[in-house]
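# Per-entry structural report
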Amino acid sequence: DSSERPLDWQQVACALALLGSQCVISGGPGTGKTTTVVRLLLLLRLLDPRVSRIRLCAPTGKAAERLSNSVAGGVAHLRERVLTNPAARATLLSLLKGEPDPGAALAAILDGLAALKATTIHRLLGTRPHTTAATHGPGRPLDCDLLVADEISMVDISLFGRLLSALPQGCRLVMLGDKDQLASVDIGAVLADLCHRVTAGAGRLSAETLRRLCALLGLSDPRLLGGDKVDEQVVVLQKTYRFSGVIKDLAQAVNRCALTPDLLEDCLHRPAAAGDPSYVRWVAASAQGGDGKPLGRSGAEALTRRVVRELLLAPAGGFPDQGPGADPLSLPHSFCEFIAFVERLCAGQGDPAEGFALLAQCRVLCSNHFGPLGTVAINRAMREALLRGHPELAARAEGDSFPGRVVMVTRNDPTLGLYNGDMGFVAPDPQGSLKVLFPGKGEGAAPLGFSPLLLPHIEDGFALTVHKAQGSDYGHVIFLLSLLDNHSLTKELIYTALTRSKRYLTIVGDPLVFTKASARPTERSSGLARRLDAGQG
């Protein structure tokens, strides 16, 4: 009985995308959205010769670069894992039996998919600077048969409308993202509206679609019946392959607006899950001093310095000992390991590429820009602490730059291949000149190095807002929560912050503020959900 069999929702997502012209694939971090779309791309190329012009896009340059890398990595995974399976390879080759050399044809298709490069939505449309005018629109549609748009949760309603209006007749559209993440900073909550009737799995299907799904997959589950053309275009993936245990449970409770003080206390003291441990620790901080009065300016500055000194520049403590022989990159990190690496680099030792691996192990995320635990105060205090406490770094400073300065790009620069949100750090080159280093493009590529004078649009990146971290993940996330409750603190912000962590999570703040924010969903009304409910989508 197929209704007793657990469904493979990645498989269902591929099938529904094959059956229809539009499909939304949503899911949290590590649920396999990109893996699913890579398999879908391969199937479409094998089954429909008309799908030859494929375009990939995302709302930001950083997200576009991640999409390109993920697709290339997914194709490599297919080659290594799937195509080495004789049965799977034979099945795929059977779909190319009309080709003179099916093996060569399959290799060419995979090469083509691996070479796909994503672009920003603005560049795809040819949007002109400082205007909403674009090269592509209803009168001049895009030249593509299939468009894959990633991180749709970050797209505002206006840009989404312009993207749809630029699609040519018969073009397939696949949209990816996490419906529970932060919405766009501008108007609308596009992905949440598209998925608002589907909580898990797939939307209810019409009888005709279920019949076609049965013919394709042998799936005939009557529980899926009862939907319409809107519902059946949405699949929400649930199984995460990135983390489990307490971080997952905490994030899911926040997502359901079901976090209570007792549940939070349980999450903080629960032992790690066997096989895939994750850890959460809480560092209390309050807007009141020990006398119960507001901190004041001097108290707020003292709190900022204490967080930098005791959490960011000290070895990460408060987590269970991992025992002897543990992989160093599996241990909780702070910035102290990165600064020690930079000091070795200044002494002519070490590989610059190691710095990027260390930065990926620890990231400080702030709920707000301002306040004692905001990005402005934390970045300023980090700079001051490093220059005051490490004379060897201060002695090499040139203007705003010094060895160990972590930076974030704030404006796209296609000429240099840098995009808004790219992270790098300052280090001396072999000749002793300071360079800002960024990860190389492609696996195993050497870091890119630029003179700080060529990069006017960078800022300190020791601490980022949660918004800037969307789409990324880190070994240890230090989440600094505003001391005062405010309406910018929502369950979507809290959920996004928690799910950036792969293993270790430190939360700094007031538990009462945290639980209040976790029960406050974002409220936006763009009209899209109402139109979909009315059958006008």
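See the structure printed just above.
What this report covers is the structure whose coordinates are included nearby. All figures in this text were calculated on a predicted structure; none of them were measured in a lab.

What counts as what
Residues numbered from 1 in each chain as written. Predicted model: local features only at pLDDT ≥ 70, side-chain atom pairs only at ≥ 80, totals over all residues. Heavy atoms only, no water. Buried < 20%, exposed > 50% of the residue type's maximum accessible area, 1.4 Å probe, protein only. Helix = DSSP H or I, 4+ residues; strand = E, 2+ residues; numbered from the N terminus. Contact = heavy atoms within 4.5 Å. Arc of directions from axis to C-beta. Pairing = 2+ DSSP bridges. Axes fitted to C-alpha atoms, helices over the stretch in contact; angles between N-to-C directions. Salt bridge = Lys/Arg side-chain N within 4 Å of Asp/Glu carboxyl O. 1 Å grid on protein atoms, 1.4 Å probe; cavity = no way out; pocket = protein on both sides within 12 Å on 5 of 7 lines; lining within 4 Å. Points joined across faces, edges and corners; volume = space filled by probe spheres on them. Nonpolar A, V, L, I, M, F, W, Y, C, P; charged D, E, K, R; others polar. Phe/Tyr/Trp six-rings, centres within 6.5 Å; stacked < 30°, edge-to-face > 60°.

For helix 10 (residues 245-255), the complete set of buried residues consists of Gly245, Val246, Ile247, Leu250, Ala251, Ala253 and Val254. Here the buried face of helix 10 lies against helix 11 (261-269), strand 8 (279-284), helix 17 (491-498), strand 17 (501-509) and helix 18 (511-518). Downstream of helix 10 by a residue or two, Cys257 has a phi angle that is positive, lying close to 55°.

What follows covers the environment of Ala251. Relative to the elements of secondary structure, Ala251 occurs in helix 10. When the C-alpha positions of Ala251 and Leu498 are compared, they lie 6.2 Å apart, and in sequence the two are 247 residues distant. Setting aside its immediate chain neighbours within four residues, Ala251 contacts Tyr495, Leu498 and Thr499.

Structurally, the α-helix is built with 3.6 residues per turn, so residues lying three or four positions apart point the same way. Residues of helix 11 that are buried include every one of Leu264, Cys267 and Leu268, and no others. Looking down the long axis of helix 11, one finds its buried residues gathered within 100° of arc, a one-sided arrangement. Every exposed residue of helix 11 that faces more than 90 degrees away from the buried side is listed here: Asp262 and His269. Packing partners of the buried residues in helix 11 comprise helix 10, strand 8 and helix 18.

Here we take up the sheet that holds strand 11 (residues 423-428). Spatially, 13-12-11-10-14 is the arrangement adopted by the 5 strands of the open sheet, whose pairing is antiparallel. Single-partner strands in this sheet number two, and they are strand 13 (448-450) and strand 14 (458-460). Between one strand axis and the next, the sheet turns through 40° on average, direction left out of account. As paired elements, strand 10 (residues 406-409) and strand 14 share 3 bridges and run antiparallel to each other. By the bridge assignment for strand 14, Val407 is matched with Asp460. Sheet strands in contact with helix 13 (residues 335-346) are strand 10 and strand 11, and its direction is about 35° off that of strand 11.

Read across the sheet, 5 strands follow the order 8-17-16-9-15 without closing on themselves; strand pairing throughout is parallel. Of all strands in the sheet, those with a lone pairing partner are strand 8 and strand 15 (463-465), marking the two edges. Neighbour-to-neighbour, the strand axes of this sheet turn through a mean angle of 25°, independent of strand direction. Bridging between strand 8 and strand 17 involves 6 bridges; their strand directions are parallel. Note that in strand 17 the partner of Arg281 across the bridge is Thr506. Against the sheet, helix 10 contacts strand 8 and strand 17, and its axis sits at roughly 60° relative to strand 17.

All right, on to the pattern of salt bridges then. On inspection of all chains with the given rule, the structure shows 17 salt bridges. Residues Asp145 and Arg53 are paired through a salt bridge, measuring 2.6 Å at the closest nitrogen-oxygen approach. Of this pair, Asp145 sits in the loop between helix 6 (121-125) and strand 4 (146-149) while Arg53 sits in the loop between helix 2 (33-47) and strand 2 (54-58), placing them 92 residues apart in sequence. Residue Arg53 is classed as partly exposed on the basis of its relative accessible area of 36%. Ionic contacts of the salt-bridge type, sharing partners, join the residues Asp48, Arg50 and Arg172 into one network.

Here the phi dihedral of Glu151 falls at roughly 50°; this positive angle occurs in a residue that is not glycine. Looking at the secondary structure, you find Glu151 in the loop between strand 4 and helix 7 (157-165).

A separate point is empty space enclosed by the protein. Tallied over the entire structure, the rule returns 1 cavity of 30 Å³ or more. In this structure, the largest cavity spans a volume of roughly 30 Å³. If you go around the largest cavity, the residues you meet are Ala17, Gly20, Ser21, Gln22, Cys23, Leu40, Leu44, Arg172, Leu173 and Val174. It is strand 5 (residues 172-177) that provides the largest number of residues to the lining of the largest cavity, a total of 3 residues. The class makeup of the residues in the lining of the largest cavity is 6 nonpolar, 3 polar and 1 charged.

For the structure shown, the criterion picks out 8 aromatic pairs. With centroids separated by 5.9 Å and ring planes inclined at 75°, the aromatic side chains of Phe335 and Phe462 adopt a geometry described as edge-to-face. In this pair, Phe335 sits in helix 13 while Phe462 sits in the loop between strand 14 and strand 15, placing the two residues 127 residues apart along the sequence. Of the two residues examined, Phe335 and Phe462, each falls in the buried class. Pairing Phe338 with Phe341 gives two aromatic rings, centres 6.2 Å apart and planes at 40°, and the pair type is tilted. Taken together, the positions of Phe338 and Phe341, both in helix 13 and 3 residues apart, correspond to about one turn of that helix. On the accessibility criterion, Phe338 (1% relative accessible area) is buried. Phe341 sits in the buried class, given a relative accessible area of 0%.

Any link to function would need more than the numbers given here.
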